[in-house]
Amino acid sequence: MKKFGTLPVFLTAISTILGAVMFLRFGFAVGTVGFWGTVAIILIGHAVTIPTAMAIAEIATNQKVEGGGEYYIISRSFGLVMGSTIGIALYMSQAISVAFYIMAFSEAFSSLFEWLNGHYDLPAWLATALSMKQTIGIPALLILTYIMLTKGANLGVKALYVVVIILAISLMAFFAGSTDYQATSDVIPQVVEEGQSAISSDTALFPKVETPTPPTAQIKEASPNNAPADDNQPWKTIGFFTVFAIIFPAFTGMTAGVGLSGDLKNPSKSIPFGTLGATIFGMIIYIFIAFKLYISASPASLADTSHLVMAEIAWQGWWLIPLGLAAATISSALGSIMVAPRTLQAIARDEIFPTPKINNWLASGKGKNDEPYNASLITIIIAGLFILAGALDGIAQIISMFFMVSYGTLSLISFLNHFAADPAYRPTFKSRWYFSLFGAVASFGLMFFMNPTYAFTALVLIIGLYFLVSYYNKDKGSMAAIFQGVLFQIVRETHVFLQNADKEQIHSWRPSAVAISEATFHRLDAFNMMRWIAHRYGFGTYIHFIKGYLSKETNKIAKETKEELIKLSEMTNSNVIVDTMVSPSFTSTVAQVIQLPGIAGTENNLLLFEFPKDDVDQIHDLVDNFKLISAVDFDTIILGSSDRSFGFRKKIHIWITKKDFDNASLMIPLAYIIMGHKDWRKSTISIFAVFPENILERERQNLLQLIQEGQLPISPSNIQFIRNPDEDTRNIIASKSKMADLTILGFEDSSIKHKGKAIFEGYDEIGNVLFVNASERKVIK
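Computed from a predicted model, the values in this text were never measured in an experiment.

### Some words on unusual backbone geometry
And then number 1: Unlike most non-glycine residues, Gln 316 shows phi in positive territory, near 50 degrees.
And then number 2: One can find Gln 316 in the loop between helix H13 (309–313) and helix H14 (317–349).
And then number 3: With relative accessibility at 28%, the residue Gln 316 sits in the partly exposed group.
And then number 4: Within the chain, Ser 645 stands out as a residue other than glycine whose phi angle is a positive 55 degrees.
And then number 5: One can find Ser 645 in the loop between strand S5 (635–641) and strand S6 (651–656).

Next comes the structure, spelled out in structure tokens:
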């Protein structure tokens, strides 16, 4: 039964936003970068969180967010491989957050332990143990885990209202408190004189800060525990973005209420209002807290993280602030312990990990609520290791990196969904694409501003993790629908732009070829020829012709054949667009193909056909339809394939006759284009010009003149001139090109008209032959 309204979403988010960092490190931020610096941190942080809150509200109102919460959104948007890569990073941030909140909870007891140590003569071992955060942290982690595994997720919802009430009382006590410290009216930090009391205290539980600690006592972390009052001391040189990295987790948590989407009466209203309301309300509260801290204590006292400065400012702060800290951290820790294992469980249920045994073990749940028992054990171990490490500020910076990755990804998903324009994406709450884009850019950019080393390390780890997940999940590597939609839009916009743009009149030729064959799976030579032409310099479309009338059966065959063609294209890493065409005759197929629109904004200008040289009768349909082909001024190349295929792909021979000057302008560029593919990288081109003896010298001069004018892109030294006493050149070609892997010959329209298929016969002794007919002389610039 859906029973929740907007309030639970708001309270879940705000109880996480106003949490541990607010109590423990916000004074440090004000003391280190000043009031206006802290306001800048708040605004910059919310420049990330507000677009993310809008993005998460938009996505969550388009689909039900199931097990795994944010991971579910990311993986179903980006695909399982990329989604699980980010999901594992998200899980790590949630697991480390458990350690962060437990350690923050431990700090709520630090002043009590100091008071006990000062008033009672405790044994040295006990005093040392009480000074360590792990003394409280590890037992607290075990107790909370036991509670979650036995009581389940319902405990978090039941405790929510109590936590929020305690937080509200703590904050009211803080704003109601007062101190002897007075800030100057122009909002410039005052320096507390040595020996002067920084703030008043309500009780001896919180000793006054009277004398600055010597510099040698400062800890070597980003935030000093005992900052001296002198503005020239090293603690003042801490970078703005280092402080930002420590403070940023304070602004996170706005996505906490998204997991309630399945239990809300009206998710389209509750999630946007609850999430955005909590985010903006939290930002306003933080600005007021920063101002209250600024006017209530000196920078040195605020920067000193060895005591709860908020407790010393608040009315009855000696117990209300630690109580608020304890309530906030326990609530956040419970939330993280509840969410992190479920994220890991969801990843395992998508079968992402290397072996079924690992996936099954992590995915298994216990009880009627399917509690992720095994995933919780892994989370406890990770959290325990970070608790033992004990560096609160360092953990905060690591968490900030993971949060930035997650938030940037969520904003990017929203932006891509706007751009993809998928009809299935119909959220009831709509953000704006520029907000989402800004949130994504800000998230990823701030990672490098905060800590370039951490950011670069995180980037390398995520890339490495992506390849690792891809390696073990080859069956899940399909492109996500969101990327397909984006690519569709880019292609469409590019086509429209190229169609409408004023095109510069350039006569330089570039092949945009279409191949037609019904023997693809018997002879691959035509496909390979198209693959080489379209590799870099040209564009290619390969059509597999299926003879017959379009019906349910032939349509099914066409789809299955296209799938095979796509696999063939993938195996050969080709740049060819493949498709199928069902048609009752070769004539109708040609008529349709020559009207196909070109790809990449270019018009098709080249047709490729093929036939086996040992069965020239198969070219009968082509000969009969050549008049139709020549009517549209297409260049035509016809590949005669042999049993030798393309041999060793080392030698290309080009033969030029007195009738081939126009064809030569196409034959030579085609040879160079084919040679540009890695399959022919060690090949050589030999050009033979064969003419009758009585006109040899004249034709030599004509050919050299064309070369000199730049109409043939070759060097005169590359041409071998041959005298031929006979009009038929077949014998000479057979003699010279017997070992050639590809022989390129020209032919004229009139030759097909008068001689028919005979012009393609008589080349049985050589390998593959490419017959070339140019509709006009080509200019290659």
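From this point, things continue past the structure.
### Quick word on the nonpolar core
And then number 1: Counting 113 residues, the largest nonpolar core has Phe 26, Phe 251, Tyr 286, Ile 289 and Leu 293 as the members making the most contacts within it.
And then number 2: In terms of residue count, the dominant contributor to this core is helix H3 (residues 26–60) (15 residues).
And then number 3: For Phe 26, the contacting residues outside a window of four places in its chain are Val 21, Thr 38, Ile 42, Ile 247, Phe 251, Tyr 286, Ile 289, Ala 290 and Leu 293.
And then number 4: Within the second largest apolar cluster, 50 residues are counted, among which are Met 530, Val 576, Leu 696 and Leu 703.

### Quick word on a nonpolar patch on the surface
And then number 1: Among the surface-exposed residues, Phe 448, Phe 456, Leu 459, Val 460, Ile 463, Tyr 466 and Phe 467 lie close enough to one another that they form a single nonpolar patch of about 670 Å² accessible area.
And then number 2: Looking at which element gives the most residues to the nonpolar patch, the answer is helix H19 (residues 452–472), with six residues.
And then number 3: Mapped onto the secondary structure, Val 460 falls in helix H19.
And then number 4: Judged by its relative accessible area of 44%, Val 460 falls in the partly exposed class.

### Observations concerning a negative patch on the surface
And then number 1: Among the surface-exposed residues, Asp 614, Asp 643, Glu 761, Asp 764 and Glu 765 lie close enough to one another that they form a single negatively charged patch.
And then number 2: Inspection of the secondary structure puts Asp 764 in the loop between helix H29 (749–755) and strand S10 (768–773).
And then number 3: A relative accessible area of 60% means that Asp 764 is categorised as exposed.

### Here's the deal with the packing of helix H18 (residues 433–450) against H19
And then number 1: Contact geometry for H18 and H19: axes closest at 5 Å, N-to-C directions at 130 degrees. In terms of their interaxial angle, H18 and H19 are classed as oblique. Contacts between H18 and H19 pair Met 447, Phe 448 and Met 450 from the former with Pro 452, Ala 455, Phe 456, Ala 458 and Leu 459 from the latter.
And then number 2: Looking at the contact of H18 with H19, its residues break down into eight nonpolar, no polar and no charged.

### A short note on the sheet that holds strand S7 (residues 684–691)
And then number 1: Across the sheet, 10 strands lie side by side as S3-S2-S1-S4-S5-S10-S9-S6-S7-S8; this open sheet has mixed pairing. The open sheet is flanked by strand S3 (577–583) and strand S8 (719–723), the only strands paired with a single partner. Averaged over neighbouring strand pairs, the angle between their axes works out to 25 degrees when direction is ignored.
And then number 2: In terms of strand pairing, strand S1 (residues 512–517) meets strand S4 (residues 606–612) through three bridges, oriented parallel. Bridge pairing in S4 places Ala 515 opposite Leu 608.
And then number 3: Sitting on the sheet, helix H22 (residues 552–571) is in contact with strand S2 (539–547) and S3, with an inclination near 160 degrees to S3.

### A look at the packing of aromatic side chains
Remark: the centre distance and the inter-plane angle together describe each pair of aromatic rings, the angle taken between the planes.
And then number 1: For the structure on display, the rule yields 34 aromatic pairs.
And then number 2: Ring geometry for Phe 415 and Trp 433: centres 6.3 Å apart, planes at 50 degrees, overall tilted. Of this pair, Phe 415 sits in helix H17 (residues 392–420) while Trp 433 sits in helix H18, and the two are 18 residues apart along the sequence.
And then number 3: Given a relative accessible area of 45%, Trp 433 falls into the partly exposed group.
And then number 4: Aromatic side chains Tyr 763 and Phe 771 sit 5.7 Å apart centroid to centroid with 65 degrees between the ring planes, which places their arrangement in the edge-to-face category.

### Quick look at the pairing of strand S9 (residues 742–746)
And then number 1: For S9, the tally of buried residues reaches four of five residues, placing the bulk of the element in the interior.
And then number 2: By the bridge criterion, five bridges tie S9 to S10 in an arrangement that is parallel. If you follow Leu 745 over to S10, its bridge partner there is Phe 771.
And then number 3: Note on the crossover from S9 through H29 to S10: the handedness is right-handed.

### Observations regarding the environment of Ser 400
And then number 1: Considering the arrangement of structural elements, one finds Ser 400 in helix H17.
And then number 2: Separated by 151 residues in sequence, Ser 400 and Pro 249 have C-alpha atoms that sit 6.0 Å apart.
And then number 3: Not counting residues up to four positions away in its chain, the partners in contact with Ser 400 are Ala 245, Phe 248, Pro 249 and Met 450.
And then number 4: Reaching out from Ser 400, the side chain makes a polar contact with the backbone oxygen of Ala 245 at a distance of 2.5 Å.

### Here we look at the packing of helix H1 (residues 6–17) against helix H11 (residues 267–296)
And then number 1: Remark: H1 packs on H11, axes separated minimally by 8 Å, with the N-to-C direction vectors making an angle of 35 degrees. In the crossing of H1 with H11, the sense of the turn from one axis to the other is right-handed. The residues of H11 that touch H1, namely those facing Thr 6, Val 9, Phe 10, Ala 13, Ile 14 and Ile 17, are Lys 269, Ser 270, Ile 271, Phe 273, Gly 274, Thr 275, Gly 277, Ala 278, Thr 279, Phe 281, Gly 282 and Tyr 286.
And then number 2: Of the residues that constitute the contact of H1 with H11, the class distribution is 10 nonpolar, seven polar and one charged.

### Description of a positive patch on the surface
And then number 1: Side chains of Lys 650, Lys 678, Arg 681 and Lys 682 sit close together on the surface and give a patch of like positive charge.
And then number 2: Summarising the element assignment, Lys 682 is placed in the loop between helix H26 (661–675) and S7.
And then number 3: Lys 682 sits in the exposed class, given a relative accessible area of 60%.

### A few points about the side chain of Gln 94
And then number 1: Within the fold, Gln 94 resides in helix H5 (residues 80–107).
And then number 2: Accessibility expressed as a relative area gives 9% for Gln 94, which makes it buried.
And then number 3: There is a polar contact of 2.8 Å between the side chain of Gln 94 and the side chain of Thr 343.
And then number 4: The residues contacting Gln 94, other than those within four sequence positions of it, are Glu 70, Ser 336, Val 339, Ala 340 and Thr 343.

### Remarks on the environment of Gly 27
And then number 1: Along the polypeptide, Gly 27 turns up in helix H3.
And then number 2: C-alpha separation for the pair Gly 27 and Ser 298, spaced 271 residues apart in sequence, amounts to 9.9 Å.
And then number 3: Contact partners of Gly 27, with chain neighbours within four places excluded, come to Leu 293, Leu 302, Ala 303 and Val 309.

### Let's talk about the pattern of salt bridges
Where charged atoms from two side chains of opposite charge come close, those side chains can pair.
And then number 1: If you walk through the whole model with that rule in mind, you get five salt bridges.
And then number 2: With its nearest N and O atoms 2.9 Å apart, the salt bridge here joins Arg 523 to Glu 610. Linking Arg 523 in the loop between S1 and helix H21 (525–533) with Glu 610 in strand S4, this pair joins segments that are 87 residues apart in sequence.
And then number 3: Between Asp 679 and Arg 649 there is a salt bridge, with its nearest N and O atoms 3.6 Å apart. Highlighted residues: Asp 679 in the loop between H26 and S7 and Arg 649 in the loop between S5 and S6, separated in sequence by 30 residues.

The rules behind each value
Residues numbered from 1 in each chain as written. Predicted model: local features only at pLDDT ≥ 70, side-chain atom pairs only at ≥ 80, totals over all residues. Heavy atoms only, no water. Helix = DSSP H or I, 4+ residues; strand = E, 2+ residues; numbered from the N terminus. Buried < 20%, exposed > 50% of the residue type's maximum accessible area, 1.4 Å probe, protein only. Core = buried A, V, L, I, M, F, W, Y, C linked by side-chain atoms within 4.5 Å. Contact = heavy atoms within 4.5 Å. Patch = residues over 30% accessible without salt bridge, like charges linked within 9 Å, V, L, I, M, F, W, Y side chains within 5 Å. Areas by Shrake-Rupley, 256 points an atom, 1.4 Å probe, with all protein chains shown as cover. Salt bridge = Lys/Arg side-chain N within 4 Å of Asp/Glu carboxyl O. Lys, Arg positive; Asp, Glu negative; His and termini not counted. Charge placed at Lys NZ, Arg CZ, Asp CG, Glu CD. Axes fitted to C-alpha atoms, helices over the stretch in contact; angles between N-to-C directions. Parallel < 35°, antiparallel > 145°, perpendicular 65-115°, else oblique. Nonpolar A, V, L, I, M, F, W, Y, C, P; charged D, E, K, R; others polar. Pairing = 2+ DSSP bridges. Phe/Tyr/Trp six-rings, centres within 6.5 Å; stacked < 30°, edge-to-face > 60°. Right-handed = clockwise from strand over helix to strand, strands pointing away. Polar contact = N/O pair within 3.5 Å; in protein donor to acceptor, adjacent residues only side chain to side chain. Left-handed = near helix turned anticlockwise from the far one by under 90°.

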